Amino acid sequence: MKNTITAIIIFSTLLLTAACSSDSAAEQNDKPNLVVTTTFINDMVSVLEDGADGFNTEMIIPAGEDPHIYEPKASDLRVLGNADLTLYHGLNFEGRLGDVLEEGISVTEGFNENSIKEMQEENETAADPHFWFDISLYKQAFTKVKDTLIEYNPKDSAVYEENFEAYIRELDELKLFAASRISEIPEDSRILVTPHDAFGYLADSYDLEVHAPQGFSTDSEVSNNQIQKTAELIIENNIKAVFAETTTNPDRMARLQEIVASAGGQVEVIAGDGKELLSDSLAPKGDIGDTYLSMYRHNINTIADHLK
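Basis of the calculations
Residues numbered from 1 in each chain as written. Predicted model: local features only at pLDDT ≥ 70, side-chain atom pairs only at ≥ 80, totals over all residues. Heavy atoms only, no water. UniProt positions renumbered as here; feature names shortened; annotations may be inferred. Salt bridge = Lys/Arg side-chain N within 4 Å of Asp/Glu carboxyl O. Helix = DSSP H or I, 4+ residues; strand = E, 2+ residues; numbered from the N terminus. Buried < 20%, exposed > 50% of the residue type's maximum accessible area, 1.4 Å probe, protein only. Pairing = 2+ DSSP bridges. Right-handed = clockwise from strand over helix to strand, strands pointing away.

The protein has the name Manganese/zinc/iron transport system substrate-binding protein in an unreviewed UniProt entry, where Jeotgalicoccus aerolatus is given as its organism. Listed under Sequence similarities (unreviewed entry) in UniProt, the entry text for the protein is "Belongs to the bacterial solute-binding protein 9 family." Annotation of the protein in UniProt includes, under Subcellular location (unreviewed entry), the sentence "Cell envelope".

Below, the structure written as structure tokens:
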């Protein structure tokens, strides 16, 4: 996730390429051009824009791809170069896009430092960017997006405010739903094993214990020591299931299952047929979890159904 000299050189080259072409379909009307980096922010904008249509909105990182390791293209930089407004997560979530987002607005701007979890990344402390699994923090980011849209398109402020209030009520209902479903899991079974460490905010919200052999980074290798420790944890606590994610390699969970079996234990890997947990991206349009609300419900239902 760290920016490198190589990445900077690539960015510079792409920027020169992007500068050669400034034509865009978005320029065919007089609406401001809004660029969002991820599916989560795109979903926020879609909710708020319902009935307003105040912006030409384009998303950089496609659904199903991992923002941590996404490689920017020349076309992305053309889109960013034509933007009147850019919204991005921050907290180094869009790691390899970091250098070209400095003039945009982070939806996590204004978060209280004490509300942001910290994680260990290669023996260094890093901010945990997966704030959306804390519905209270998601509300704060949603508020930031709403206020920003109003600032850039005040004529539709009434629509934004109405959509905002209705969605906040849906988020409150979602929080109650999640708490109710997690309560079905016996306390000593609330141990969530996933490939990479994306569910810390969810754990804090619903009194879960999370273990991720891959750690924070989605492109790191899993050491034999990490796998062995996780396998021992599964056997000692009689954990029924471990969960693959849509943006990580499911083979790592299968490997963990094999090690547990070799020690005489048994654990189910929840993967395939849309069963994986959604962590760093919403699902592609039309699939289960293609909105924030459906993603959250899918994850909670999957966890509760297999751990209770």
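Next comes the rest of the account.
Caption draft 1: Up close: the pattern of salt bridges. All chains considered together, the criterion is met by 11 salt bridges. One salt bridge in this structure joins aspartate 172 and lysine 139, with 2.3 Å as the shortest N-O distance. Linking aspartate 172 in helix 5 (residues 157-182) with lysine 139 in helix 4 (residues 135-152), this pair joins segments that are 33 residues apart in sequence. On the basis of relative accessible area, lysine 139 is assigned to the partly exposed category, the value being 23%. Ionic pairing is found between aspartate 156 and lysine 155, a salt bridge with its closest N-O pair at 3.2 Å. We classify aspartate 156 as buried; its relative accessible area is 11%.

Caption draft 2: Here's a closer look at the pairing of strand 2 (residues 56-59). Note that strand 1 (residues 33-36) and strand 2 share four bridges and pair parallel. Within strand 2, the residue paired with valine 35 across the bridge is glutamate 58. In this view, the connection linking strand 1 to its parallel neighbour strand 2 by way of helix 2 (residues 39-49) has right-handed handedness.

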